[in-house]
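Understanding the architecture of this molecule
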Amino acid sequence: MTSVLYDAQGPRAKQRNILYTVLFVLCAAAAVWWVYDSLAAKHQLDWIKWKPFFTSSQPWETYIWPGLQNTLKAAFFALIIALPLGALFGIGRLSDHRWVRMPAGVVVEFFRAIPVLILMITANAAYSEYTTISSDSRPMYAVVTGLVLYNASVLAEIVRAGIHSLPQGQTDAAKAIGMRKGQIMVYVLLPQAVTAMLPAIVSQLVVIVKDTALGGAVLTFPELLASVRPMSANYGANTIACFTIVAVLYIVVNFALTSFAGWLESRLRRGKKSTGAAPAGGLETIGAPALIIDDGRAV
């Protein structure tokens, strides 16, 4: 069968594809067996190394739960600070005033170009030198500061791209009914851009959650991944088991975030569709500019 997008495969091509599939499955099975055999030879798959996580609450209460709390706490504070800052700088980059647009662009490009780990280390040194924050709390402040500076600059570009993706007719229609620039941004552009930006914002939130591990690796921040070392030392060098449990927790947290974002995005889209119907009598003035605002009404 031939379509516009591709030509149907002939008998030889089908045979080759079957052969490639069989070879790939055999190679994948061999790789899995090699990993399994290597771990079994080093006794990393013995039940005694996995038993503490399934028969006792001590590793969860002593290591995993406190680390997960610190990870979520740092990610939460970083997000609630970075999101409004990113929106502010993103809108600033769209300003008609050069004295607003240029500094916002410099700040965004500067912090977006610096690795987040360097920002964390610099923030930690600055807090140590110029503040009276205790050494116990300093890693948390440094991690949140680094995450905020980097992710606010990335979110600024997401906001700018989301607003740019909207049709120019929305701005023209808002100007036609006498709305000011600030009103256009707050009541017309931002509400519509939120739906388009939501997947990218959630992706950045997942990055924030994972980047908290950098603070644990360098600044001794007691986050989830940092709990592996003391936990493994306390339970008989069960490094593989500890990393597996922590990896599963990261997957669960990030999957929950993306699932919630997908549900919220679909709900926002359904809400706009359900309230976007025109009145039964039709528009009074044919050719009047149509402006879609937050609740979907046609103006």
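Residues numbered from 1 in each chain as written. Predicted model: local features only at pLDDT ≥ 70, side-chain atom pairs only at ≥ 80, totals over all residues. Heavy atoms only, no water.

Looking at the overall build of the protein chain
Tallying secondary structure elements over the protein chain gives 10 helices and zero strands in all. Written out in order from the N terminus, the α and β elements of the protein chain read α-α-α-α-α-α-α-α-α-α. For the protein chain, the proportion of contacts with a sequence separation of at least 24, taken over those separated by at least 6, is 71%. For the protein chain, the exposed area adds up to about 18500 Å²; of that, 66% sits on carbon and sulfur atoms. (Helix = DSSP H or I, 4+ residues; strand = E, 2+ residues; numbered from the N terminus. Contact = heavy atoms within 4.5 Å. Areas by Shrake-Rupley, 256 points an atom, 1.4 Å probe, with all protein chains shown as cover.)

So, a nonpolar patch on the surface
The grouping of Ile18, Leu19, Tyr20, Val22, Leu23 and Leu26 at the surface amounts to a nonpolar patch, some 600 Å² of accessible area in total. By the element assignment, Leu19 lies in helix H1 (residues 11–41). (Patch = residues over 30% accessible without salt bridge, like charges linked within 9 Å, V, L, I, M, F, W, Y side chains within 5 Å. Salt bridge = Lys/Arg side-chain N within 4 Å of Asp/Glu carboxyl O.)

Overview of unusual backbone geometry
Non-glycine residue His43 carries a positive phi angle of around 60°. Look at His43 and you get partly exposed, because its relative accessible area is 47%. (Buried < 20%, exposed > 50% of the residue type's maximum accessible area, 1.4 Å probe, protein only.)

Some thoughts on the confidence of the model for the protein chain
Of the residues in the protein chain, 88% reach a pLDDT of 70 or more, and the chain-wide mean stands at 84. The least confident element of the protein chain, judged by mean pLDDT, is helix H7 (residues 168–176) at 82; the most confident is helix H5 (residues 116–130) at 93. Low confidence marks residues 275–290, where pLDDT is under 50. Its contacts with residues over four positions away, or in another chain, come to 10 contacts. Every residue in residues 292–299 is under pLDDT 50, and counting partners more than four places away or in other chains gives 19 contacts. (pLDDT = per-residue confidence, 0-100.)

Observations concerning the packing of H5 against helix H8 (residues 181–218)
At a minimum axis distance of 10 Å, the contact between H5 and H8 shows a crossing angle of 50°. The angle between H5 and H8 places the two elements in the oblique class. Crossing of H5 over H8 shows right-handed handedness. Contact residues: Val116, Leu117, Met120 and Ile121 in H5; Asp211, Leu214, Gly215 and Val218 in H8. Of the residues assigned to the contact of H5 with H8, the class counts are six nonpolar, one polar and one charged. (Axes fitted to C-alpha atoms, helices over the stretch in contact; angles between N-to-C directions. Parallel < 35°, antiparallel > 145°, perpendicular 65-115°, else oblique. Left-handed = near helix turned anticlockwise from the far one by under 90°. Nonpolar A, V, L, I, M, F, W, Y, C, P; charged D, E, K, R; others polar.)

Looking at helix H3 (residues 58–93)
For H3, built from 36 residues, the straight-helix expectation of 52 Å at 1.5 Å per residue is met to within 8% by its first-to-last C-alpha distance of 51 Å. At Ile64, H3 is deflected by roughly 40°, the largest bend along its length, and proline Pro66 occurs up to four residues later in sequence. (Expected span 1.5 Å × (residues − 1). Bend = angle between axes of the 7 residues up to and from the residue.)

Considerations on the environment of Ser153
Checked against the element boundaries, Ser153 lands in helix H6 (residues 138–164). Taking the C-alpha atoms as reference points, Ser153 and Phe111, 42 residues apart in sequence, are found 6.2 Å from one another. Apart from residues lying up to four places away in sequence, Ser153 is in contact with Val108, Phe111 and Arg112. From its side chain, Ser153 meets the backbone oxygen of Tyr150 in a polar contact 2.5 Å long. (Polar contact = N/O pair within 3.5 Å; in protein donor to acceptor, adjacent residues only side chain to side chain.)

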